[in-house]
Amino acid sequence: GAGVSQSPSNKVTEKGKDVELRCDPISGHTALYWYRQRLGQGLEFLIYFQGNSAPDKSGLPSDRFSAERTGESVSTLTIQRTQQEDSAVYLCASSFGTGVTEAFFGQGTRLTVV
Amino acid sequence: AQSVAQPEDQVNVAEGNPLTVKCTYSVSGNPYLFWYVQYPNRGLQFLLKYITGDNLVKGSYGFEAEFNKSQTSFHLKKPSALVSDSALYFCAVRDGDQAGTALIFGKGTTLSVSS
């Protein structure tokens, strides 16, 4: 596609429910990143994919968070048993592999846990 | 592991004055450095990057950044600030010598340009 697409753009969920966030990267981009941005805060790294593998999962805050990527394309970030502290904007980015190329960001999914 | 520090939460400058947004980094190998800008209610946009070569890198919207290896810094600069430059700026680093490493961001610096 023309850019990184994330869906939904907004999600309100009740505490304790599971949510699934989707990211469609730019076609041909092998690297995909997930970040979390809490209100007024910086970007918190969550997980990084190279192809369908995740060499770096170090940023996932708890075992309630998981992510997968299939077909070297779409990625889903799943949050189980959501808590209020999970409320944030979840950003996805993609790039042509690692190294010299810059990453392109989607508009994000704003998650609100009530 | 790589890390990035942006020591200033906010930078205030008057329109027409030069601006500097500071960034320091830590990596075990060669740094690949990036600057991004986030305007209100909009996604992050790439400004410029340093991979190798000239220490002064020029990017979008008249911004430039100077790589200083001895000080492990990559400060963002612009000779003459515009009110429209007001936004949140992020510095990011990747360890270029290690495959499979993520792009790590600083916490961001809010730039406010007054007219």
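Our structure's up above, just so we're on the same page.
Residues numbered from 1 in each chain as written. Chains lettered and ligands numbered in written order. Predicted model: local features only at pLDDT ≥ 70, side-chain atom pairs only at ≥ 80, totals over all residues. Heavy atoms only, no water.

**Student:** I'd love a proper account of the overall build of chain A, names of residues and values included.
**Tutor:** A tally of regular secondary structure across chain A gives 0 helices and 11 strands. Along the chain direction, N to C, the helices and strands of chain A fall in the order β-β-β-β-β-β-β-β-β-β-β. Relative to the 2.2 N^0.38 estimate, which gives 13 Å for 114 residues, the radius of gyration of chain A is 13 Å and therefore close to what a compact globule would have. Expressed along its principal axes, the backbone C-alpha trace of chain A runs to roughly 40 × 25 × 25 Å. In chain A, buried positions account for 49% of the 114 residues. Expressed as a percentage of contacts within chain A between residues at least 6 apart in sequence, the contacts between residues at least 24 apart total 54%. When the accessible surface of chain A is totalled, it reaches about 5,200 Å², and 45% of it is carbon and sulfur. For chain A, the distance from the average position of its 11 positive side-chain charges to the average position of its 12 negative side-chain charges is 5 Å. (Helix = DSSP H or I, 4+ residues; strand = E, 2+ residues; numbered from the N terminus. Rg over C-alpha atoms; globule rule 2.2 N^0.38 Å. Buried < 20%, exposed > 50% of the residue type's maximum accessible area, 1.4 Å probe, protein only. Contact = heavy atoms within 4.5 Å. Areas by Shrake-Rupley, 256 points an atom, 1.4 Å probe, with all protein chains shown as cover. Lys, Arg positive; Asp, Glu negative; His and termini not counted. Charge placed at Lys NZ, Arg CZ, Asp CG, Glu CD.)

**Student:** Could you give an account of the side chain of A:Ser75, naming the residues involved and the relevant values?
**Tutor:** Summarising the element assignment, A:Ser75 is placed in strand E8 (residues 75-79). Ignoring sequence-local partners within four residues, the contact set of A:Ser75 consists of A:Leu21, A:Arg22, A:Cys23, A:Leu32, A:Trp34, A:Phe49, A:Glu68 and A:Arg69.

**Student:** I'd like to hear about unusual backbone geometry, residue by residue, with values.
**Tutor:** Where the residue is not glycine, phi is negative for most of them; where a peptide bond is considered, it is trans in most cases. Between A:Ser7 and A:Pro8 the backbone carries a cis peptide bond, its omega angle lying at -10°. Along the polypeptide, A:Pro8 turns up in the loop between strand E1 (5-7) and strand E2 (10-13). For B:Tyr61, which is not glycine, the phi dihedral falls at a positive 60°. Inspection of the secondary structure puts B:Tyr61 in the loop between strand E7 (56-58) and strand E8 (64-68). According to the relative accessible area criterion, B:Tyr61 is partly exposed, its value standing at 46%. Located in the positive-phi region is B:Thr72, a residue other than glycine, with phi close to 45°. Following the sequence through the fold, B:Thr72 ends up in the loop between E8 and strand E9 (73-78).

**Student:** I'd like to hear about the nonpolar core, residue by residue, with values.
**Tutor:** Membership of the largest hydrophobic core comes to 28 residues, with the highest contact counts inside it found for B:Trp35, B:Leu47, B:Leu48, B:Phe74, B:Leu76 and B:Tyr89. At the level of secondary structure, the elements contributing two or more residues to this core comprise strand E2 (10-14), strand E3 (19-21), strand E5 (31-38), strand E6 (44-50), E8, E9, strand E10 (87-95) and strand E12 (109-114) of chain B. At 4 residues, E10(B) tops the list of elements feeding residues into this core. A:Tyr35, A:Phe105, B:Tyr32 and B:Leu88 belong to the second largest nonpolar core, which has 23 residues in total. (Core = buried A, V, L, I, M, F, W, Y, C linked by side-chain atoms within 4.5 Å.)

**Student:** Can you break down the state of the cysteines residue by residue, with the values?
**Tutor:** The final tally for this structure, using the stated rule, is 2 disulfides over all chains. Between A:Cys23 and A:Cys92 runs a disulfide, and the two sulfur atoms are separated by 1.9 Å. Measuring handedness by torsion sign, the sulfur bridge of A:Cys23 and A:Cys92 sits at about -65° and is left-handed. A residue pair is termed long-range when its members are at least 10 positions apart, and A:Cys23 in strand E3 (residues 19-24) and A:Cys92 in strand E9 (residues 88-95) qualify at 69 residues. Classification of A:Cys92 as buried rests on a relative accessible area of 0%. Disulfide partner of B:Cys23: B:Cys91, at an S-S distance of 2.0 Å. Taking the torsion about the sulfur-sulfur bond, which here is approximately -65°, the covalent link between B:Cys23 and B:Cys91 counts as left-handed. Of the two residues, B:Cys23 is situated in the loop between E3 and strand E4 (24-26) and B:Cys91 in strand E10; the sequence distance between them amounts to 68 residues. (Disulfide = S-S within 2.5 Å.)

**Student:** Account for the pattern of salt bridges, with residues named and values stated.
**Tutor:** A full pass over the atoms with the stated rule returns 9 salt bridges over all chains. B:Lys78 is paired through a salt bridge with B:Asp85; the nearest N and O atoms lie 2.8 Å apart. Of the two residues, B:Lys78 and B:Asp85, both sit in the buried class. Because the salt bridges share partners, they merge into one network encompassing A:Arg36, A:Arg38 and A:Glu44. (Salt bridge = Lys/Arg side-chain N within 4 Å of Asp/Glu carboxyl O.)

Geometric descriptors of this kind do not, in isolation, establish any biological role.
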